[in-house]
Amino acid sequence: SAAASAQDYDAESGEGIDLRENLGLGKGRFSDAYLSRADASYLNYGWIDYRQYRAGIPIFKRYDAFGNYLTEGYEVYHMEEYRAASEGQSASTLMKGRFYQNWLRHLIIADDAYGGWSSRVMVGDAIRTPFTPLTLDMARFNGVRWDETSANNRFTFLLSRFSDPLKLDLKDQLGPSGESAEVNDGLYLFGGHWESRVGDFLVLGGTYVNLHRFDGTRGFSTNTRKGLASPYTYPKRVLVRFQDDSPEDGIGGAVVYDVRALIHLRENGRERYLEAAPDAVTVTDGVIETARYREATGRYLDANGRQWPVSVDYAFDVPDSTVGIKVSAVVANDYRILIRQDHTYANPQTGASASRSTSYSTIRRAAGNVRDLSNQCWVTFEHGMETGMEILGMNADLKAAGFRVRGEVARSTNYYQYAADSGERDQYEDYAAFVTATRKVQGLSLILEGFSIGPRFTSYAVKSAAREHAEAVVDPDPEGVSMALSDSRTVGAMYYFNDARQDPVSTDAQSGGNKTNTPIYSLVDDNDDMDQWPDDWVQDWDVANREVKYLESDAGIYPFFDFDADGFADNNRNRNQYADYEEPFLMYFSDPREFYFGVDLNNNSRIDAWEDDDQPNYPYGKDERGFHAVLNADLLLGLQGGLGRCDLWQPAGGGRTEVTYARLAYRNTFRGTGSVRADHESKWVMDDVANPYFTFLVEESEDGRLLPEQVYVPDLLVARDSFINRGLVHAAWQPALHSNLDAKFRYELNHQHRVDGDGGMIQEADRLNYLGFLLKADYTRSFGRLVVMPRAKLQYERQTRRSLDGALADEMMLVPILRVDYRLTARSQIRLGVQGCPLLPDRRVDYLDHDNDARQQDYVVTWFNQTNYEGYKIGTEAGVEYQRVDYDAPGHSDPGFVRYFLRMVAGVGSSKE
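All residue numbers here refer to positions counted from 1 along the written sequence of the relevant chain. Owing to the predicted nature of the model, reporting of local features is limited to residues with pLDDT of at least 70; listing and counting of side-chain atom pairs is limited to 80 or more, with chain, interface and lining totals taken over all residues. Hydrogens and waters are ignored; side-chain quantities use all the structure's heavy atoms.

**A short note on the overall build of the protein chain**
Helix numbering and strand numbering both begin at the N terminus, where a helix is a DSSP run of H or I of at least 4 residues and a strand a DSSP run of E of at least 2. Each helix and strand counted, the protein chain has four helices and 57 strands in total. In the protein chain, the proportion of contacts linking residues at least 24 apart, taken out of those at least 6 apart, comes to 62%. Exposure was quantified through the Shrake-Rupley algorithm and a 1.4 Å probe, taking into account, for residues, occlusion by the shown protein chains and nothing else. Carbon and sulfur atoms make up 53% of the accessible area of the protein chain, which amounts to about 46000 Å² in all. Between two residues, a contact is recorded if the distance between any of their heavy atoms is within 4.5 Å.

Structural data, given as structure tokens:
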């Protein structure tokens, strides 16, 4: 039989011989009595399958640490750590095999269940991993995750070589040996989160997360959770910088009376201390020097015409035998203290030495924004390199007495060590907490929340490099400052490496990530659009070596303006460099953002839900403390009202926001033929806390590529003291079958009051007003295969400032559109579009500058086909477009073009209009 043909019979031994196993035998067996070893059997493949030799795929039998057989396969992941490593031995090895990518696509899962528990171990490059809002929330955790779950308990454990995790690009196939990276020092992340349910009224949770620097050449007991300073680092000079913590106000900056250092020396086993004065003092432009103190207030211009905080630097030379240095200073007013070091790096591979310097990092900040010297005090701190951070937190969710109460409290500790064997250590800690409570009864709801995120919680950083560089621009454009792609938006703890390491927010398949000596690590991502990429992760615009390659589907950051979750703004359906409300035909379905309404409690004239900032996704901002209370009530049928109060202040920054508001919201529908929505808010505001944001624009380059551009928009603080009325009325009506009317009226009226500060008047009494009106109408009529769709849109916007002559903006647009579709077959159509024509023009009027008045004509005709091909849905569009703009002003250049195009779209979904 065929089954028996795969096996022959050994007459001498009486045992079956598997011919397939025998294929690899070239000589005799151990039991042969003959000297001859030539015993190759004749093989006939008439009854058995030919077994291919393995070429280039190292698949072998695999065994565990005790010699037990596991499986026949390929090693796809390997992590190995030594403490302490021998000379020439790699202390930390991480390998991802070829088929970790080619077979498993960057994710391996092992699971089991026992005794009511379910267990799952995952290894991957991009595992969505949230613990709690204050401790850890990562869109792309790269490492090992182990989850355990029972009926009432859940537990997660994480482990990752955080500084060198091996990033792989799916677009590039790995070679036979896969990818590996070996290092002797770096950062490790480990931690866990537990939650337990108590009955049906309480959930309790606890979190511990540790990020520490290891040195694999040193022992296990030396590598503690606090971490170790960078090895082979020998400090030569320590520099302490004092600068204004609020340079934008130009008053009451850092005042420094005296600076001293106590240097701890260890020589020949003996300890001694040396008190030292600064060896050098360096000041920038703008520093005030007197006999008693130096004052650094405001900003100065550098040689490139950019503005930076005024500062004064004190330098201390340190002997080679130093194991610690404690700096003491008498300071006052609104100070910020930063520190860095110059050192020698002794490369262990080459034996050569090189001079290196770390970046400045903040070590202390003044509380508030003091300007009268009332906070004069001694400030003392140890100098060291950042070695680790740990977070301990508790969270709870309680339902009791009709209330739903949720909250969390967390403590973070940042560790430092002087770069020497047994160097002295320093640390600082801070807390974060929040609690929310909701109570609903018939027709009423009460919402309460209190919060506090300390200024040094997880790190002192509250501004990203992108924001600092944008603020360095003198007189920035209110519409936004274009950012360089090299400007990092990540806010977190900065660690220095003598040999450059992977940039946490970049990726490059060839080198395992772009390199930097000062990577910034954050355990809570800035991910305002909540997609698969953190907002500073380059895949959001696909950057290799910090330059755009091409536009990815996830390019851009559009928080809450991407309701279909396709990674692109909903007001740019054709994904080009123009918003849909600026494009012919598409503009009928899309409106400018000014015609939407939402909560704006930070008073920067942008809906809070749409803001893309540079902050980690904590539930509240860093260096913010306050409370918020809201009472909502159902007043009449369809009418709701609300009263609220929000108080927020910055413990270190000194800013404050106070908002008292009243809201009305009306919703109603009329027998299915119409609907009305009206929102109004009146609020009394005092706000000097800047809340800038970023926007993403898509621009076309000279070579035709569409490149995203990041734009920083400053907060002009137009509500330092204001009474603001804002709202939107939106009505939709279907007067007859296949016809629609849609109207919007949007307003924002800002009555500014005069504000006087210590240095003079800050804000004049003024009025800033915005009014917008929009009306749209369409009708659809079918005549057999012919469908006729006339449409029209009228849009008017006016923005004024009473103190200025005339308006800031005053524009009108009247757009007539005719759309005609003719169905040729079940799959093909001819489509014609006309927007503006000689008899009924597309009219644009600029009442501030009539030279911009124009008539526009757009004509498009296409052939459209949708079909199935090889299991795919194919949409094809071929056509021609003509556009012409005719300005009213004589001599004005009238642009125009003719465009021919052919597009084919393939997908697994359906092709739609």
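**Digging into the pattern of salt bridges**
Note on definitions: salt bridges are taken to be side-chain nitrogens of Lys or Arg within 4 Å of carboxyl oxygens of Asp or Glu. This model, assessed by the stated rule, comprises 52 salt bridges. A salt bridge links aspartate 111 to arginine 120; its shortest N-O distance comes to 3.4 Å. Relative accessibility thresholds used throughout: buried, under 20% of the residue-type maximum; exposed, over 50%; partly exposed, between the two (1.4 Å probe, protein chains only). Relative accessible area serves as the criterion here: at 39%, arginine 120 is assigned to the partly exposed category. For aspartate 245, the salt bridge identified is with arginine 365, shortest N-O distance 3.0 Å. Linking aspartate 245 in the loop between β14 (233-244) and β15 (254-267) with arginine 365 in strand β26 (residues 361-365), this pair joins segments that are 120 residues apart in sequence. Overall, aspartate 245 belongs to the buried group, its relative accessible area being 8%. Because the salt bridges share partners, they merge into one network encompassing Asp164, Asp185, Arg213, Asp499 and Arg501.

**So, the sheet that holds strand β11 (residues 179-183)**
Strands are treated as partners if at least two bridges between them are detected by DSSP. One open sheet holds the three strands; their spatial order is β5-β6-β11, and the pairing between them is antiparallel. Since the sheet does not close on itself, it has two edges, and those belong to β5 (77-81) and β11, each with one partner. Taken pair by pair, the neighbouring strands of this sheet meet at an average axis angle of 5°, ignoring direction. Taken together, the five bridges between strand β6 (residues 92-96) and β11 define a ladder with antiparallel strand orientation. Paired with lysine 96 across the bridge in β11 is glutamate 179. Axis lines are fitted to C-alpha atoms, over the contacting stretch for helices. Their N-to-C directions set the angle, which ranges from 0 to 180 degrees.

**Here we look at the confidence of the model for the protein chain**
In predicted models, pLDDT denotes the confidence assigned by the predictor to each residue on a 0 to 100 scale. When pLDDT is averaged along the protein chain, the result is 88; 90% of the residues meet or exceed 70. Contacts of residues 1-25 to residues separated by more than four positions or lying in other chains number 30 contacts, the stretch itself having pLDDT below 50.

**Notes on the packing of aromatic side chains**
Aromatic ring pairs are defined here through the distance separating the ring centres and the angle between the ring planes. Classification of ring pairs rests on two measures: the distance between centres of Phe, Tyr or Trp rings, Trp counted by its six-membered ring, which must be within 6.5 Å, and the angle between planes, read as stacked under 30 degrees, edge-to-face over 60 and tilted in between. Inspection of every chain in the model, using the stated rule, returns 21 aromatic pairs. Between phenylalanine 434 and tyrosine 620 the ring centres are 6.1 Å apart and the planes differ by 55°, which places this aromatic pair in the tilted class. Remark: tyrosine 620 occurs in the loop between β38 (547-548) and β39 (624-636) and phenylalanine 434 occurs in strand β30 (residues 425-441); sequence separation between them is 186 residues. In this structure, phenylalanine 434 and tyrosine 620 share a single accessibility class: buried.

**Topic: the pairing of strand β16 (residues 270-276)**
With seven bridges joining them, β15 and β16 adopt antiparallel strand pairing. Along β16, the bridge assignment pairs isoleucine 263 with leucine 274. From the end of β15 to the start of β16, which pair antiparallel, there are two residues, and asparagine 268 there has a positive phi angle of about 55°.

**Examining unusual backbone geometry**
Residue arginine 83 is joined to alanine 84 through a cis peptide bond whose omega torsion reads 5°. Examined against the element boundaries, alanine 84 turns out to sit in the loop between β5 and β6. Within the chain, aspartate 623 stands out as a residue other than glycine whose phi angle is a positive 60°. Along the chain, the position of aspartate 623 falls in the loop between β38 and β39. One non-glycine residue, leucine 717, adopts positive backbone phi at about 55°. Structurally, the position occupied by leucine 717 is in the loop between β44 (706-713) and β45 (722-733). When its relative accessible area of 14% is taken as the criterion, leucine 717 is described as buried.

**Side note on the pairing of strand β54 (residues 842-846)**
Burial runs high along β54: four of the five residues are buried. In terms of strand pairing, strand β52 (residues 807-823) meets β54 through four bridges, oriented antiparallel. Within the sheet, the bridge partner assigned to methionine 812 lies in β54 and is valine 845. Bridging between β54 and strand β55 (residues 854-869) involves three bridges; their strand directions are antiparallel. Across the sheet, the residue bridging to aspartate 842 is glutamine 856, located in β55.

**Quick word on the side chain of arginine 467**
Residue placement: arginine 467 occurs in helix α4 (residues 465-471). Residue class for arginine 467 comes out buried when judged on its relative accessible area of 11%. For arginine 467, the contacting residues outside a window of four places in its chain are Val462, Asp614, Ala690, Pro692, Phe694 and Tyr712.

**Re the environment of leucine 204**
In this structure, leucine 204 sits in strand β13 (residues 202-215). Take leucine 204: its relative accessible area is 31%, and that puts it in the partly exposed class. Those residues in contact with leucine 204 that sit more than four places away from it in its chain are Trp194, Glu195, Ser196, Asn395 and Ala396.

**Some words on the side chain of aspartate 245**
N or O atoms closer than or at 3.5 Å make up a polar contact, with two conditions inside protein: a donor-capable atom paired with an acceptor-capable one, and, for residues adjacent in sequence, both atoms drawn from side chains. Among the polar contacts made by the side chain of aspartate 245, one reaches the side chain of arginine 365 at a distance of 3.0 Å. Setting aside residues up to four positions removed in sequence, aspartate 245 forms contacts with Asp334, Tyr335, Arg336, Arg365, Ala366 and Ala652.

**Notes on a nonpolar patch on the surface**
Residues enter patches when they are more than 30% accessible in relative terms and free of salt bridges; like-charged ones are connected within 9 Å and nonpolar ones (Val, Leu, Ile, Met, Phe, Trp, Tyr) within 5 Å. A contiguous nonpolar surface patch, about 610 Å² in accessible area, is contributed by Val121, Trp146, Phe155, Trp194, Val198, Phe201, Leu204 and Leu398. Tracing the backbone through its elements, the reader meets phenylalanine 155 in strand β10 (residues 153-160).

**A short note on the environment of arginine 656**
Note on placement: arginine 656 falls in strand β41 (residues 656-670). Sequence separation between arginine 656 and glutamate 624 is 32 residues, and the spatial gap between their C-alpha atoms is 9.1 Å. Aside from chain neighbours lying at most four places away, what touches arginine 656 is Asp647, Leu648, Trp649, Met686, Asp687, Asp688 and Val689. Of note is the side chain of arginine 656, whose polar atom sits 2.8 Å from the side chain of glutamate 658.

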